[in-house]
Amino acid sequence: MTTHTHEELGCLAGGPARAAEVALARLIQAGLVRVSREGVLSAVHVPGQGPATPLEAQILRAVRHGRLLNDVVYGAYRSPEAEGLRTHLVNRRLLRRRRSWRPRLYPWLFLAAPVLFVAGVLSAVAPQLLVDFLDFGPPFTEFPFWYFFAGAVVAIVWASVLRARDPGRLRTRAGYLLVKRAQRRVTSKDPVGAVAARGLRGRAGGLAIAGMFGLSALALGMLPGREATSSSSCGGGCSSDSGCGSSDSGGSGCGGGGCGGGCGGGGD
C-alpha cells in the first residue's frame, strides 16, 4: 500500500509553506523546537532525537540561534529542501511540472452550454432575433436548431469529464483525491496530520490547530498568507480546494493548495 508523509500531504494541500508548517509542527511536538509567545523559535537539544526529514533539518539549522517564526517559514518554503519535496511529488505523479490549462477551460464550457441552449430555442421559434441582434446570426440560422441543443449537451459532457479527470491546475487527479481524503479525515488526535490538511490557522474537531502546539495569537499572525506563498506553491494556489489550499495546482499546491495550489496550492 502506497503511503504518504505529512509533509507530502501538506505540500499538496497548501504548497511548500504548508509543508514547512508541517515540519515545524512535528519539531515542536517532538520537543526539538521551542516557541516563545513573541514568535521566536529556538532549537532544543534532545538526546537521541533529531530531524526526520530534510525540511526539518533545514528548519533546525535556521533556528539554532533563535529566529522569528515568519523568517523561518519563508526560508523553509523557498529552500532547496522544499523544491526537492516538490520534485519528489512530481516523480510520484501527484503533481505536474507545469500548470494545466484544462481546469480553466471547463468553467467556460459550462457557461457555453446554456448559451447554446438559448441559441437553439431562438433558432427554433424566432430565428429573426439572431439576425437582428447578433452579428453572427445569419450564418448560424443556416443550421438546424437541434445542432445548438446537441452542442450544449457536448459542452456539458466535455466540461464534466474535464472537471472529474483534472480538478486541479497543479495537482494530478491522484494528488487531488489524496488531499480530499485527508481533509475528510482530519482529527485532533493527529495534530501534525491536521496541520498538513488545514494548516496551523485551521481547526480540527472544533479546536484551533495552533493551540495544539502552544502557538500564541501573536506567533500565529506571523505565518505567511496565501498571497505571499502562491507563486511557488506545490499544490495549492489555484486549485479548487486549496485549503490550498494548493490550487490547481500546475506548478506546485496550489495546497495546499495551494492554491495549492497552492496551490497552489493552492489546488485546481
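Scoring rules and cut-offs
Residues numbered from 1 in each chain as written. Predicted model: local features only at pLDDT ≥ 70, side-chain atom pairs only at ≥ 80, totals over all residues. Heavy atoms only, no water. pLDDT = per-residue confidence, 0-100. Contact = heavy atoms within 4.5 Å. Axes fitted to C-alpha atoms, helices over the stretch in contact; angles between N-to-C directions. Helix = DSSP H or I, 4+ residues; strand = E, 2+ residues; numbered from the N terminus. Parallel < 35°, antiparallel > 145°, perpendicular 65-115°, else oblique. Left-handed = near helix turned anticlockwise from the far one by under 90°. Nonpolar A, V, L, I, M, F, W, Y, C, P; charged D, E, K, R; others polar. Salt bridge = Lys/Arg side-chain N within 4 Å of Asp/Glu carboxyl O. Buried < 20%, exposed > 50% of the residue type's maximum accessible area, 1.4 Å probe, protein only. Lys, Arg positive; Asp, Glu negative; His and termini not counted. Core = buried A, V, L, I, M, F, W, Y, C linked by side-chain atoms within 4.5 Å.

### A closer look at the confidence of the model for the protein
In this model, the protein carries a mean pLDDT of 75, and residues with pLDDT of at least 70 account for 68%. Considering only residues more than four positions removed or in separate chains, one finds that residues 227-233, a stretch of pLDDT under 50, has 25 contacts. Long-range and interchain partners of residues 236-268, a stretch whose pLDDT sits below 50, account for 390 contacts in this model, where long-range means more than four residues apart.

### Looking at the packing of helix α2 (residues 54-62) against helix α3 (residues 69-77)
Describing two packed helices takes the angle between their axes plus the distance from one axis to the other. Two elements in contact, α2 and α3, have axes whose closest approach is 10 Å; the angle formed by their N-to-C orientations is 140°. Considered as vectors, α2 and α3 are oriented oblique to each other. Judged by the twist between their axes, the crossing of α2 over α3 is right-handed. Where α2 approaches α3, its residues Leu55, Gln58 and Ile59 are matched on the opposing element by Val72, Gly75 and Ala76. Considering only residue class, the contact of α2 with α3 consists of four nonpolar, two polar and no charged.

### Comments concerning the pattern of salt bridges
Evaluated as defined, the whole model comprises three salt bridges. Two residues, Glu8 and Arg92, come together in a salt bridge whose shortest N-O distance is 3.1 Å. Of this pair, Glu8 sits in helix α1 (residues 6-29) while Arg92 sits in the loop between α4 (80-91) and α5 (102-125); the two residues are 84 residues apart in sequence, bridging distant segments of the chain. The closest approach of N and O atoms between Arg26 and Glu56, which form a salt bridge, is 2.7 Å. Of this pair, Arg26 sits in helix α1 while Glu56 sits in helix α2, and the two are 30 residues apart along the sequence. For Glu56, a relative accessible area of 3% puts it in the buried group.

### Overview of the side chain of Glu21
With respect to the helices and strands, Glu21 occurs in helix α1. Here Glu21 sits buried without a salt bridge, and the closest side chain of opposite charge, Arg18, lies 4.4 Å off (N-O distance). What Glu21 contacts, discounting residues up to four positions off in sequence, is Val195, Gly199, Leu200 and Leu223.

### Regarding the nonpolar core
Nonpolar side chains in soluble globular proteins generally cluster together in the buried interior. Membership of the largest hydrophobic core comes to 50 residues, with the highest contact counts inside it found for Val33, Leu41, Ile59, Leu69, Phe213 and Leu215. When residues in this core are grouped by element, the largest group, twelve residues, is from α1. Residue contacts for Val33: discarding those within four places in its chain leaves Leu24, Leu27, Ile28, Leu41, Ser42, Val44, Leu60 and Val63.

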